[in-house]
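Here's the letter readout for the chains.
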Amino acid sequence: MKSPYNYKHIPPTENLNEKKPAIFLLHGLGSNEDDLLQLVEEFKGQCHIFSLRGPITHRPGFAFYTFEEEGKPTREVFDKVINFTNSFILEAIEEFELDINQIYVIGFNQGAVVAQTLLVTLGRTIKGVAALSGFLPAFVKEEYNTSNLNKCNIFISHGEYDYDYPVQWSEISKQYFTDLGANVTYKVYPDGHGVSPDNLRDLIAFIAENLAETKH
């Protein structure tokens, strides 16, 4: 891979003569590439799993972008990260001979912001996106070129008592993607800024349902 990203790759172990699905994981602010692996334990073996480390140091871990204030990423940095991440996914599809019909992106916090933006830029290259406790920056909605999102699947979840990113931010994302023709699953939990057991259960069901749908 020519990408500047540091990442972990867990290859599949089943039916290796077939092209395999891939899940790309994007962690939250101050975390690292180990953080979200626990969310996809159920899919190890049947999928390639790529967990990316944010390129910016932010103690105690890393970040995907800098920001002026919550909800307002630094545009120049954010644009570069989106370009890098687009390229990483497209390069991985080619280098690892991934199943182009089964590309998934899961992000939490900053990772959810990047994940939603990747759906805007890559469109139907991605089968499904899961955005956990995130938002879509205003400049992405207003200024980015939007790909064809018809039949794209997105799972948006948020805690009702999230005081880092208000739940209203995800409601705006829900409406935006719905208006563009994506299939939106929207879930709100009586929780704060995190992934509750119910949230994890629904996330796993979303990915499993998409994987099963593609096989048939």
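On a predicted model such as this, the values are computed, not experimentally measured, just so you know. (Residues numbered from 1 in each chain as written. Predicted model: local features only at pLDDT ≥ 70, side-chain atom pairs only at ≥ 80, totals over all residues. Heavy atoms only, no water.)

Draft legend 1. Seen up close, the packing of helix α1 (residues 75–95) against helix α2 (residues 110–122). Interhelical geometry of α1 versus α2 gives an angle of 70° and a closest axis separation of 10 Å. Comparing their axes, α2 and α1 come out roughly perpendicular. The element α1 and its partner α2 pack so that their crossing is right-handed. Facing α1, whose interface residues are Phe 78, Ile 82, Thr 85, Asn 86, Ile 89 and Leu 90, α2 presents Val 113, Val 114, Thr 117, Leu 118, Thr 121 and Leu 122. (Axes fitted to C-alpha atoms, helices over the stretch in contact; angles between N-to-C directions. Helix = DSSP H or I, 4+ residues; strand = E, 2+ residues; numbered from the N terminus. Parallel < 35°, antiparallel > 145°, perpendicular 65-115°, else oblique. Left-handed = near helix turned anticlockwise from the far one by under 90°. Contact = heavy atoms within 4.5 Å.)

Draft legend 2. Broad picture of the pairing of strand β3 (residues 48–52). In terms of residue burial, β3 counts as a mostly covered element, since 5 of its 5 residues are buried. Side chains of β3 alternate between two faces, with His 48, Phe 50 and Leu 52 and Ile 49 and Ser 51 buried alike. Here strand β2 (residues 22–26) pairs with β3 via 5 bridges, running parallel. Bridge pairing in β3 places Ala 22 opposite His 48. (Buried < 20%, exposed > 50% of the residue type's maximum accessible area, 1.4 Å probe, protein only. Pairing = 2+ DSSP bridges.)

Draft legend 3. Layout of the pattern of salt bridges. Overall, the coordinates contain 11 salt bridges when judged by the stated rule. The partner of Glu 41 in a salt bridge is Lys 44, and the shortest N-O contact between them spans 3.0 Å. Judged by relative accessible area, which is 47%, Glu 41 ranks as partly exposed. Given a relative accessible area of 30%, Lys 44 falls into the partly exposed group. When the shortest N-O distance is used, the salt bridge between Arg 201 and Asp 198 registers 3.0 Å. In this pair, Arg 201 and Asp 198 are both assigned in helix α5 (residues 197–215), 3 residues apart and thus about one turn of the helix distant. Looking at Asp 198, the relative accessible area reads 40%, which means it is partly exposed. In the salt-bridge network here, residues are joined through shared partners; they are Arg 75, Asp 79 and Glu 143. (Salt bridge = Lys/Arg side-chain N within 4 Å of Asp/Glu carboxyl O.)

Draft legend 4. Region of the structure containing the side chain of His 48. Position of His 48 relative to the elements: it lies in strand β3. Accessibility expressed as a relative area gives 9% for His 48, which makes it buried. Apart from residues lying up to four places away in sequence, His 48 is in contact with His 9, Ile 10, Pro 11, Pro 12, Lys 20, Pro 21, Ala 22, Ile 23, Phe 96 and Leu 98.

Draft legend 5. Structural context of the state of the cysteines. Within the structure shown, the criterion is met by 0 disulfides. Counting only cysteine sulfurs, Cys 152 is the nearest neighbor of Cys 47, a cysteine outside any disulfide, at a range of 18 Å. Using a relative accessible area of 0% as the deciding quantity, one classes Cys 47 as buried. Take Cys 152: its relative accessible area is 1%, and that puts it in the buried class. (Disulfide = S-S within 2.5 Å.)

Draft legend 6. Representation of the packing of aromatic side chains in the model. Under the counting rule described, the total for this entry stands at 16 aromatic pairs. Their ring planes at 65° and their centres at 5.2 Å tell us that Phe 50 and Phe 96 sit as a pair that is edge-to-face. Here Phe 96 lies in the loop between α1 and β8 (103–108) and Phe 50 lies in strand β3, a separation of 46 residues in the sequence. The exposure class of Phe 96 is partly exposed, given its relative accessible area of 22%. Cluster of aromatic residues (ring-pair linked, three or more members): Tyr 5, Tyr 7, Phe 24, Phe 50, Phe 64, Phe 88 and Phe 96. (Phe/Tyr/Trp six-rings, centres within 6.5 Å; stacked < 30°, edge-to-face > 60°.)

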